[in-house]
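Close look at the chain arrangement
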Amino acid sequence: MLNDKFVALGVTGSIAAYKSVELVRLLKKAGARVQVIMTKSACEFVKPLTFQVVSQNSVITDMFREPSFWEVEHVALADKADIFLVAPATANIIAKIAAGIADDMLTSTLLATKAKIIVIPAMNVNMYENPITQRNIKSLRTNGITVFEPEEGELACGYTGKGRFPEPRDILEQLNIVLGKDGDFKNKKLLITAGPTREPIDPVRFITNHSSGKMGYALAEKAIHRGADVILISGPTNLDPPLGLYKYISIETAEEMFRAVMEYYLEADVIIKSAAVADFSPKHRESEKIKKQGFNMNIKLNKNPDILQELGNRKKQQILIGFAAETSNATTNAQDKMKRKNLDFIVLNDLTQEGAGFAGDTNIVRILHKDGRIEELPKMLKKELADEILNRVYLYLQQNRTF
Ligand code: C5P
């Protein structure tokens, strides 16, 4: 979303201005071009040179301005910007924007821009909660400006409460969500399952597998960034659910996943079953921890419901995608699975290859389509692969619309 975008970043006089330096670094890393504009008081907190180095661009300040020149420059910059951020935004700048004041480079450019404006407040809790500031924020929002909620916590002024500038990586995540709202998955609902399931033997032991959940979480995150409403049903993982989910359902067993999926699949346009569902579960779950002494070494197993098979049987207009992890006869087995489970395509991990499969950040897959096409994808990050998979889902959604 930020790649190749021209971001104008207004920095105002808050102690949180130093955090915006990191924000610029992350914006640059995401491929954006960044033009920083600092107010006079921002320059009291951080030197323009710092932003200049990190943004690899000159910094506009009001300190040595030449009026005849900047009058024109601010309009050019206002036109050029794709996104206009004000971060951190003080109560003062929020009041000025609400009132339409244009008395310096930042406010003049803001008033002239047609870019999407996003304001990220940071201030003392009492200033933030003051009805005047709240009224001004409301006024910004009614004029189409996005205003992020500040975080609660310790503030630089010694108070504790709402007013903290969010962590730059969280800001970037939120930006991706806001900017993705009009993406190619707008108005589409995706149900994604992720992670392993855990089948209890007794209160301390269980049967599970090596799934980390990384692939499913990457799919959920990228789909959100493309504007989708995402329901993520996840087994136990060490991952934080991505921001901006429509719904997050945490489950433990295959049976729980089955019930959750059946509750939500009807509202989904697309279902991606990237979870590694345990195929068997102990027939009896012992209520007490099994003692070593006297244990007869036999655990009777039941077959778990095949969720994807059930979805395939019930499928109507939904796009249905499965995953397969194979160690032998990979393509034939996966093709067979795709047909049996009535899928649109299946993503095949060949577990024998280095860089493919469960725990790592990369994957090597083959995509097998229902019309017989087979695509070999090179080794790539799971996040990149998530976009590749979504690109194909998008094509299927388009086809559904035309027929
Ligand atoms: O048949 P196999 O387990 O190899 O198929 C893998 C695909 O089926 C995955 O997409 C997985 O999420 C799904 N699956 C399921 N329910 C099961 C077993 C697998 O939905 N009980």
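Here, every reference points to the structure presented above.
The following paragraphs examine the structure supplied in this document. Here the residue index of a chain counts from 1 through its sequence in written order. For a predicted model such as this one, the threshold for reporting local features is a pLDDT of at least 70, and the threshold for listing and counting side-chain atom pairs is 80 or more; totals across whole chains, interfaces and linings nevertheless cover every residue. Side-chain measures here rest on the full set of heavy atoms in the structure, leaving out hydrogens and waters.

1. A closer look at the site of the ligand
- The environment of the ligand is formed by Lys 273, Ala 275, Val 277, Asp 279, Pro 305, Asp 306, Ile 307, Leu 308, Gly 322, Phe 323, Lys 337 and Lys 341.
- Under the rule applied, a polar contact is a pair of N or O atoms within 3.5 Å (in protein, one hydrogen donor and one hydrogen acceptor; residues adjacent in sequence only if both atoms are side-chain atoms). Within the backbone of Lys 273, an N or O atom sits 2.6 Å from an oxygen atom of the ligand.
- The contact in question runs from an oxygen atom of the ligand to an N or O atom on the backbone of Phe 323, over 2.9 Å.
- Assessed atom by atom at 2 Å from the grid points, the ligand resides in the second largest pocket.
- Only runs of H or I of at least four residues qualify as helices and only runs of E of at least two qualify as strands under DSSP, and these elements are numbered from the N terminus. For the shell around the ligand, the secondary structure elements donating two or more residues are helix 12 (307-314) and strand 17 (319-326).
- For this classification, Asp, Glu, Lys and Arg are treated as charged, while Ala, Val, Leu, Ile, Met, Phe, Trp, Tyr, Cys and Pro are nonpolar and the rest, including Gly, are polar. A breakdown of the residues in the shell around the ligand according to their chemical character gives 6 nonpolar, 1 polar and 5 charged. Put simply, a residue is near a molecule or strand once any heavy atom of it comes within 4 Å of that molecule or strand. With a 1 Å grid spanning the protein atoms alone, the term cavity applies to any set of points in which a 1.4 Å probe fits but cannot get out, the term pocket to an open set with protein on both sides within 12 Å along at least five of seven lines, and the term lining residue to any residue with an atom within 4 Å of a point. Pocket or cavity membership: a molecule qualifies when more than half of its atoms sit within 2 Å of the grid points of that site.

2. A closer look at the side chain of Asp 344
- Tracing the backbone shows Asp 344 in the loop between helix 13 (330-340) and strand 18 (345-350).
- Polar side-chain contacts of Asp 344 include one of 2.8 Å to the side chain of Lys 315.
- In this analysis, two residues are considered to be in contact whenever any of their non-hydrogen atoms come within 4.5 Å of each other. Leave out the neighbours within four places in its chain, and Asp 344 touches Lys 315, Gln 318, Ile 319, Leu 320, Met 338, Leu 368, His 369, Lys 370 and Tyr 396.

3. Section: a nonpolar patch on the surface
- A residue counts toward a patch only above 30% relative accessible area and without a salt bridge, and it is joined to like-charged neighbours within 9 Å or, for Val, Leu, Ile, Met, Phe, Trp and Tyr, to nonpolar neighbours within 5 Å. For every accessible area listed, the method is Shrake-Rupley and the probe measures 1.4 Å; residues are considered covered only by the protein chains on display. Counted as salt bridges are all cases of a side-chain nitrogen of Lys or Arg within 4 Å of a carboxyl oxygen of Asp or Glu. Together, Ile 15, Tyr 18 and Phe 45 make up an exposed nonpolar region whose accessible area comes to about 330 Å².
- Mapped onto the secondary structure, Ile 15 falls in the loop between strand 1 (6-11) and helix 1 (17-29).
- The class of Ile 15 is partly exposed, set by a relative accessible area of 48%. Exposure classes here rest on a 1.4 Å probe applied to the protein chains alone. A residue is buried below 20% of its type maximum, exposed above 50%, and partly exposed in between.

4. Observations regarding helix 8 (residues 131-142)
- How far a helix is expected to stretch is found by multiplying one less than its residue total by 1.5 Å. Over its 12 residues, helix 8 extends 16 Å from the first C-alpha to the last, a length consistent with the 16 Å expected when each residue adds 1.5 Å.
- All buried positions along helix 8 are accounted for by Thr 133, Asn 136, Ile 137 and Leu 140. Along the long axis of helix 8, the arc covered by the buried residues comes to 100 degrees, so they all point the same way. Those residues of helix 8 that are exposed and aimed more than 90 degrees away from the buried face are Pro 131, Arg 135, Lys 138 and Thr 142.
- Where helix 8 begins, the capping side chain belongs to Asn 130, and its oxygen is found 2.8 Å from the backbone nitrogen of Ile 132.
- Following helix 8 by one or two positions, Gly 144 has its phi on the positive side, about 85 degrees. Taking the helix axis as origin, the arc is that swept by the directions to the C-beta atoms.

5. Structural notes on the sheet that holds strand 4 (residues 83-89)
- Taken in spatial order, the 6 strands line up as 3-2-1-4-5-6 in an open sheet, and their pairing is parallel. Only two strands of the sheet have a single neighbouring strand rather than two, namely strand 3 (59-61) and strand 6 (146-147).
- For two strands to be treated as a pair, DSSP must find at least two bridges joining them. As paired strands, strand 4 and strand 5 (residues 116-121) are joined by 5 bridges and run parallel to one another. Paired with Val 86 across the strands is Val 119, a residue of strand 5.
- To obtain an axis, a line is fitted to C-alpha atoms, over the contacting stretch when the element is a helix, and the angle between two such axes runs from 0 to 180 degrees between their N-to-C directions. The strands touched by helix 5 (residues 91-99) are strand 4 and strand 5; relative to strand 4, the strand with the most contacts, the crossing angle is about 140 degrees.

6. Topic: the side chain of Thr 146
- If you trace the backbone, Thr 146 turns up in strand 6.
- The exposure class assigned to Thr 146 is buried, which follows from its relative accessible area of 19%.
- Within the structure, the side chain of Thr 146 is placed 2.9 Å from the side chain of Lys 116, a separation counted as a polar contact.

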